[in-house]
Amino acid sequence: MLDGKKIVLGVTGGIAAYKAVEVASRLRQAGAEVHVIMTRAAKEFVTELTFREISGQPVASDMWAPVTHWNVAHIALANLADAFLIAPATANLLAKAAHGIADDMLTTTLLATPAPLFFAPAMNSRMYGHPATQQNIATLRSRGAHIIEPATGHLACGTDGPGRLPEPAVLVKALDDFFRPEKTLAGKNVLVTAAGTVEPIDPVRYIGNRSSGRMGYAIAAEAAARGAAVTLVSGPSSLTPPEGLKRFVPVETAAQMREAVLAVFPAIDIVIKAAAVADYRPMTVAPNKIKKDAGEITLRLEKNPDILRELGQRKQPGQILVGFAAETENLLAYAQSKLEKKNLDFIVANDVTKPGAGFNTETNLAKLIARNGTVEEFPLLSKRELAARLLDRITEKNKAEL
Ligand code: C5P
């Protein structure tokens, strides 16, 4: 499950820092892209060079170093992480994280990331048992952080008790388990559309839009990981189709997308239309490349079919339709009216003008509106994490029908 995942590994200054080297190595062997952030104290135990060689990536630690790789490193790392593991997490780091202190590269990145957090506390037993530390751990847990319990045994400080960093395999397994969803969609047929359609003007030019396909591909990947038989119908995208799909249907135009979607629709349980379908297409496509000596030209556009609306009209009991509404104003009102007009069960609304939301970003900021009017607002999440939350809700609220 770690293949292709971007893991940020925060290493703090405890004797167990040496074990983090093996954690980085195992994560990489499992196919993850590993980015290490070290605190100053961590560098007293292990060198930056070790982590750089093991991870194959530059190591971040100094906020003030000249920029060589990341543009504003803590924000870049915060945004790219699919998961964030801090191992070992010292008492000091836990305290800072619990209180939102951001005074170095690691703590600053921790505050800026929307990724799920995993802390592996490792320290002297008394420090671990201290009410301050326990309270900090409870605070982090209450915010949704995952705490990987320390092992009990002989500690480097000469005592025995809880506080040992678990073996690297245990830490890697915790992340792997996190990305391994339950097969809640086993036996279900899911149709996802993604990316933008392109509408030709002549053999070399087209009308397109800024959709990258990331949101739809993330939904398809997550649904497949949950055991669904997924058909992904995609406009042109630079992304590699996720593994484990039942069918991948590449299309270019809205008309082709419509055909592909209608062909499979009768057998589909859940449709999620994340594609940015062009609303208009050129009325005629020039058979040859239009020459620039044509002077001024006028393109006449005609309306494309609204695929989702058609699905809404054909929908049978038990079929669930989910649309997307990318808006730049009046988000909820427009989204709600689309839900009604198109006879949807859910609509995912995002204001594409908000930072971190919408097209061509790794993250998204969205609201899920259900047919009964309930609105659920998600925080800024990676698109995969948002896909997981959306599928949780969509399947949970429709258990009866599913
Ligand atoms: O009306 P609007 O285009 O904003 O609605 C967006 C939703 O409708 C998306 O889920 C999109 O995939 C779908 N859509 C469609 N066919 C169109 C236009 C939009 O299926 N021609």
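Residues numbered from 1 in each chain as written. Predicted model: local features only at pLDDT ≥ 70, side-chain atom pairs only at ≥ 80, totals over all residues. Heavy atoms only, no water.

Novice: It is not clear to me how the domain arrangement of the chain should be interpreted in this structure. Could you clarify?
Specialist: By a frequent convention, interface size equals the accessible area lost on bringing the separate parts together. Once the domains are mapped, the chain shows domain 1 (6-179) and domain 2 (189-401). Using C-alpha coordinates to define each centre, domain 1 is positioned 37 Å away from domain 2. On the side of domain 2, five residues touch domain 1, which itself brings four residues to the contact. Taken together, both faces of the contact between domain 1 and domain 2 bury some 460 Å²; the carbon and sulfur share is 55%. Contact with domain 2 buries area across many residues of domain 1, yet Asn79, Asp82 and Pro114 alone supply 64% of it, more than any other trio. Here domain 1 is connected to domain 2 by zero salt bridges. Where domain 1 packs against domain 2, one counts zero residue pairs in polar contact (both at pLDDT 80 or more). A class-by-class count of the residues in the side of domain 1 that touches domain 2 yields three nonpolar, one polar and no charged. (Domains from an automatic or database assignment. Contact = heavy atoms within 4.5 Å. Buried area = accessible area lost by both parts, 1.4 Å probe. Salt bridge = Lys/Arg side-chain N within 4 Å of Asp/Glu carboxyl O. Polar contact = N/O pair within 3.5 Å; in protein donor to acceptor, adjacent residues only side chain to side chain. Nonpolar A, V, L, I, M, F, W, Y, C, P; charged D, E, K, R; others polar.)

Novice: Please clarify how the pairing of strand S8 (residues 189-194) should be interpreted in this entry.
Specialist: Side-chain positions along a regular strand alternate between the two faces of the sheet. In terms of burial, S8 is a largely internal element, five of the six residues being buried. Judged from the six bridges that link them, S8 and strand S11 (residues 229-234) form a sheet pairing that is parallel. Residue pairing in the sheet places Ala194 in a bridge with Ser234 of S11. One ladder, built from four bridges, connects S8 with strand S13 (residues 270-273); its direction is parallel. Each bridged residue has a counterpart across the sheet, and for Val192 the counterpart in S13 is Ile272. (Buried < 20%, exposed > 50% of the residue type's maximum accessible area, 1.4 Å probe, protein only. Helix = DSSP H or I, 4+ residues; strand = E, 2+ residues; numbered from the N terminus. Pairing = 2+ DSSP bridges.)

Novice: Looking at this structure, how should I read helix H11 (residues 254-264)?
Specialist: Within H11, burial applies to Ala254, Met257, Ala260, Val261, Leu262 and Val264. Looking at the buried side of H11, the elements it contacts are S8, strand S9 (199-200), S11, strand S12 (247-250), S13 and helix H12 (307-314).

Novice: Whenever I open this one, the nonpolar core confuses me. Can you help?
Specialist: When a protein is soluble and globular, its nonpolar side chains tend to lie buried together. Among the nonpolar cores identified, the biggest contains 33 residues, and Ile219, Val230, Ile272, Phe324, Leu390 and Ile394 are the most heavily contacted of them. Looking at this core element by element, the count peaks at seven residues for helix H10 (residues 214-225). Among all residues touching Phe324, those that are not within four sequence positions of it are Met215, Ile219, Ile272, Lys273, Ala274, Ile347, Val348 and Leu390. Core analysis: the second largest hydrophobic core is formed by 31 residues, Val21, Leu27, Ala32 and Val34 among them. (Core = buried A, V, L, I, M, F, W, Y, C linked by side-chain atoms within 4.5 Å.)

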